[in-house]
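What follows is each chain in one-letter form.
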Amino acid sequence: MDEQTRLMHSHSGVGMAGHPGLPQHMQEGTGGTDGDGRKQDIGDILQQIMTITDQSLDEAQARKHALNCHRMKPALFNVLCEIKEKTVLSIRGAQEEEPPDPQLMRLDNMLLAEGVSGPEKGGGSAAAAVAAAAAASGGVGVGAENTTEHSDYRAKLTQIRQIYHTELEKYEQACNEFTTHVMNLLREQSRTRPISPKEIERMVNIIHRKFSSIQMQLKQSTCEAVMILRSRFLDARRKRRNFNKQATEILNEYFYSHLSNPYPSEEAKEELAKKCAITVAQVSNWFGNKRIRYKKNIGKFQEEANMYAARTAVNAANASSHGSQANSPSTPNSAGGYPSPCYQSDRRIQ
DNA sequence: TATGATGATTTCCA
DNA sequence: TGGAAATCATCATA
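Just so it is clear, the structure is predicted and the values come from calculations on it, not from any experiment. (Residues numbered from 1 in each chain as written. Chains lettered and ligands numbered in written order. Predicted model: local features only at pLDDT ≥ 70, side-chain atom pairs only at ≥ 80, totals over all residues. Heavy atoms only, no water.)

### Some points on the overall build of chain A
Secondary structure summary: chain A contains 13 helices and zero strands in total. Its helices and strands taken in sequence order, chain A reads α-α-α-α-α-α-α-α-α-α-α-α-α from the N to the C terminus. In chain A, buried positions account for 34% of the 350 residues. Counting only contacts in chain A whose residues sit at least 6 apart along the sequence, the fraction spanning at least 24 positions is 77%. For chain A, the accessible surface area stands at approximately 21000 Å², while carbon and sulfur atoms represent 54% of it. (Helix = DSSP H or I, 4+ residues; strand = E, 2+ residues; numbered from the N terminus. Buried < 20%, exposed > 50% of the residue type's maximum accessible area, 1.4 Å probe, protein only. Contact = heavy atoms within 4.5 Å. Areas by Shrake-Rupley, 256 points an atom, 1.4 Å probe, with all protein chains shown as cover.)

The structure is reproduced here in structure tokens:
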């Protein structure tokens with residue numbers, strides 16, 4: 001007697017009719033000779049499954065093989081798959097319906113806005129902000145420097161972008177490889193235990209979620225890197241550069257030549273800003289700083305004041321002999337000459 | 001590396 | 001709202 005026949009005819013007596021876990025269609029049509037035969041088959045299989053762990057390895061392997069070849073096996077597997085889907089999987093399935101993670105959405109949005117993820121758009125909003133900051137600060141000789149810094153920023157952002165995409169690709173590749181591996185494994189196993197396609201799908205989803213959480217960490221660290229880069233390049237104080245010598249001379253010249261009233265009008269500020277290649281705001285800052293520092297320590301600035309007074313006197317003499325005018329920007333309040341190099345404000349500074 | 005110089009920012013006031 | 005004053009942060013130099 002071959003193994004299958006022996007299996008089919010041994011262990012009789014374990015019926016499936018009325019089995020609580022068995023679907024109705026499997027319980028119907030069990031009457032009659034054919035039905036009795038089926039009942040006995042299923043009983044045999046279940047009995048063998050129950051006792052398979054008590055047997056030796058070789059015997060168990062032989063029985064496993066016999067079970068695999070059993071004509072009722074596909075039907076029984078289908079039933080078991082159905083039961084699994086109706087119980088365990090349906091419960092888990094209900095739990096797995098999760099809304100999109102808001103943190104992940106934030107990270108995705110930020111990476112998109114910064115131009116790290118999505119189509120390359122030349123550095124994103126931060127790059128634009130850096131460019132704007134560069135344009136706003138633009139001192140003498142600083143313009144080129146800002147351009148360099150801007151390109152530095154873009155280069156570093158591109159570097160971050162490349163690292164991000166490389167890592168992302170690696171994760172996706174690993175995820176796909178692992179998913180394929182698990183799917184093959186499950187398909188292989190589905191020959192020896194009931195595994196439904198839904199179960200495989202669920203397993204794939206679990207793997208994808210695990211890899212998504214790793215991806216989220218990658219996104220988080222990328223965002224942090226971008227934020228650090230951004231703060232480094234956007235912090236104006238960090239970017240502070242001294243004005244060049246020529247610009248400082250022009251500003252000092254104006255300051256000491258209008259020492260009695262060192263408050264340039266808007267027009268004068270604009271002119272000075274133009275001459276020094278800095279912004280009007282920077283001119284205002286400079287005069288604000290200069291006034292307060294001069295006032296605090298007139299003695300210290302005495303020498304500087306005398307020097308500028310002498311220099312401008314020479315310029316004025318040259319100008320008058322050539323019939324031209326002094327080149328310092330004029331203001332409605334301009335004294336037009338050099339007051340004594342001490343602070344004689346007729347306005348707000350006392 | 002300490003220190004002074006200096007450009008920028010913030011807060012308050014008239 | 002512009003300016004004074006205080007403060008911060010970085011630069012430059014000894």
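### What about the nonpolar core?
Where a protein is soluble and globular, its nonpolar side chains tend to be buried together. Residues L251, F255, Y256, L272, V283 and F287 are the most contacted members of the largest nonpolar core, which totals 19 residues. The set of elements that each furnish at least two residues to this core consists of α10 (245–257), α11 (266–276), α12 (280–296) and α13 (298–322). If you tally residues by element for this core, the top one is α10, at six residues. Residues L107, L111, L168 and M216 belong to the second largest nonpolar core, which totals 11 residues. (Core = buried A, V, L, I, M, F, W, Y, C linked by side-chain atoms within 4.5 Å.)

### What to know about the packing of aromatic side chains
To describe a pair of aromatic rings, one takes the distance between the centres and the angle between the planes. Summed over all chains, the structure comprises 10 aromatic pairs. Both rings, one in Y254 and one in F287, keep their centres 5.6 Å apart while their planes meet at 85 degrees; by these two values the pair is edge-to-face. With a gap of 33 residues between them, Y254 in helix α10 and F287 in helix α12 connect regions that are remote in the sequence. Accessibility expressed as a relative area gives 1% for Y254, which makes it buried. Ring geometry for Y256 versus Y294: centroids 6.0 Å apart, planes at 70 degrees, classification edge-to-face. (Phe/Tyr/Trp six-rings, centres within 6.5 Å; stacked < 30°, edge-to-face > 60°.)

### Digging into the environment of K84
With respect to the helices and strands, K84 occurs in helix α5 (residues 73–95). Under the relative-accessibility criterion, K84 is labelled partly exposed at 23%. Considered as a pair, K84 and I195 are 111 residues apart in the sequence and their alpha carbons are 8.7 Å apart.

### A word on unusual backbone geometry
Phi at A277 takes a positive value of approximately 55 degrees, unusual for a residue other than glycine. Tracing the backbone through its elements, the reader meets A277 in the loop between α11 and α12. Residue class for A277 comes out partly exposed when judged on its relative accessible area of 37%.

### Some points on the packing of α10 against α11
The contact between α10 and α11 brings their axes to 9 Å, and the two run at 155 degrees. Comparing their axes, α11 and α10 come out roughly antiparallel. Along this stretch, α10 crosses α11, giving a crossing that reads as right-handed. Along its contact with α10, which presents A247, I250, L251 and Y254, the element α11 presents A268, L272, K275 and C276. (Axes fitted to C-alpha atoms, helices over the stretch in contact; angles between N-to-C directions. Parallel < 35°, antiparallel > 145°, perpendicular 65-115°, else oblique. Left-handed = near helix turned anticlockwise from the far one by under 90°.)

### With respect to the environment of L259
Position of L259 among the secondary structure elements: in the loop between α10 and α11. Separated by 32 residues in sequence, L259 and R291 have C-alpha atoms that sit 9.3 Å apart.

### Section: the pattern of salt bridges
If you walk through the whole model with that rule in mind, you get five salt bridges. Ionic pairing is found between E167 and K170, a salt bridge with its closest N-O pair at 3.4 Å. Of this pair, E167 and K170 are both found in helix α8 (residues 142–189), three residues apart, which corresponds to roughly one turn of the helix. Under the relative-accessibility criterion, E167 is labelled partly exposed at 24%. One salt bridge connects E266 with K269, and the closest N-O pair in it is separated by 3.5 Å. Taken together, the positions of E266 and K269, both in helix α11 and three residues apart, correspond to about one turn of that helix. (Salt bridge = Lys/Arg side-chain N within 4 Å of Asp/Glu carboxyl O.)

### Section: the packing of α11 against α12
Packing of α11 against α12 leaves a shortest axis separation of 8 Å and a crossing angle of 105 degrees. What the angle tells us is that α11 and α12 run roughly perpendicular. Judged by residue contacts, E266, K269, E270, L272 and A273 of α11 engage V280, V283, S284 and F287 from α12. Partitioned by chemical class, the residues of the contact of α11 with α12 number five nonpolar, one polar and three charged. (Nonpolar A, V, L, I, M, F, W, Y, C, P; charged D, E, K, R; others polar.)

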